[in-house]
Amino acid sequence: MADEIAFTLPEALGAQKHLRDALGLGEERFPVPAFVNMISDEIEQLRAAGKSDDDIAALVEQSSGHALTGRDIERYYTPVEDRHSNER
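Residues numbered from 1 in each chain as written. Predicted model: local features only at pLDDT ≥ 70, side-chain atom pairs only at ≥ 80, totals over all residues. Heavy atoms only, no water.

Observations regarding helix α1 (residues 9-22)
The following threshold applies: Secondary structure elements are taken from DSSP: a helix is a run of H or I of four residues or more, a strand is a run of E of two residues or more, and numbering for both begins at the N terminus. By this rule, a helix spans an expected 1.5 Å times one less than how many residues it contains.
Compared with an ideal rise of 1.5 Å per residue, which puts 14 residues at 20 Å, α1 spans 20 Å between its outermost C-alpha atoms and is within 8% of the ideal. Among the residues trailing α1, G24 stands out with phi positive, at a value near 75°.

Here it is as structure tokens:
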């Protein structure tokens with residue numbers, strides 16, 4: 001049953017890349033608001049663990065090479081009640 005399947009992040013990304021390749025599309029890129037929305041679950045957990053938005057932005061920069069600011073995190077963070085509305 002499809003509801004019992006759970007994809008790891010690498011599996012989900014691999015499937016998306018395969019589908020985009022089949023369509024002849026290039027690599028998908030996410031503007032800052034969409035990216036921060038995508039990582040809002042992790043932002044929430046890092047905040048609960050005592051990290052500031054500046055700390056979180058620094059972690060993103062370390063892993064991606066893209067400079068974000070704590071203000072970017074604050075501005076585009078999506079509250080839990082607004083996340084994953086299509087998964088309920």
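On we go from here.
A short note on the layout of surface pockets
Empty space left among the atoms is revealed by rolling a probe the size of a water molecule over them. Stated precisely, the cut-off is as follows: As defined here, a cavity is a set of points on a 1 Å grid over the protein atoms alone where a 1.4 Å probe fits but cannot get out. A pocket is an open set with protein on both sides within 12 Å along at least five of seven lines, and residues line them when an atom is within 4 Å of a point. Grid points are joined across faces, edges and corners, and a volume is the space filled by probe spheres set on the points. The nonpolar class holds Ala, Val, Leu, Ile, Met, Phe, Trp, Tyr, Cys and Pro. Asp, Glu, Lys and Arg form the charged class, and all remaining residues, Gly among them, are polar.
The space that makes up the largest pocket amounts to roughly 1300 Å³. Lining the largest pocket are 31 residues, with L13, F30, F35, M38 and I39 sitting closest to its centre. If you list the elements that add at least two residues to the lining of the largest pocket, you get α1, α2 (32-38), α3 (40-48) and α4 (53-64). With seven residues, the top contributor of residues to the lining of the largest pocket is α1. Here the residues of the lining of the largest pocket are counted per class, giving twelve nonpolar, eight polar and eleven charged.

Describing the nonpolar core
The criterion, for reference: Residues belong to one nonpolar core when they are buried, are Ala, Val, Leu, Ile, Met, Phe, Trp, Tyr or Cys, and are joined through side-chain atoms within 4.5 Å. The classification of residues rests on relative accessible area computed with a 1.4 Å probe and restricted to protein chains. Under 20% of the type maximum is buried, over 50% is exposed, and intermediate values are partly exposed. Here a residue-residue contact requires only that any non-hydrogen atoms of the pair lie within 4.5 Å.
Membership of the largest hydrophobic core is limited to nine residues, which are V36, I39, I43, I56, A57, V60, L68, I73 and Y77. In terms of residue count, the dominant contributor to this core is α4 (three residues). The contacts of I73, once residues within four sequence positions are left out, are V36, I43, R47, D53, I56, A57 and L68.

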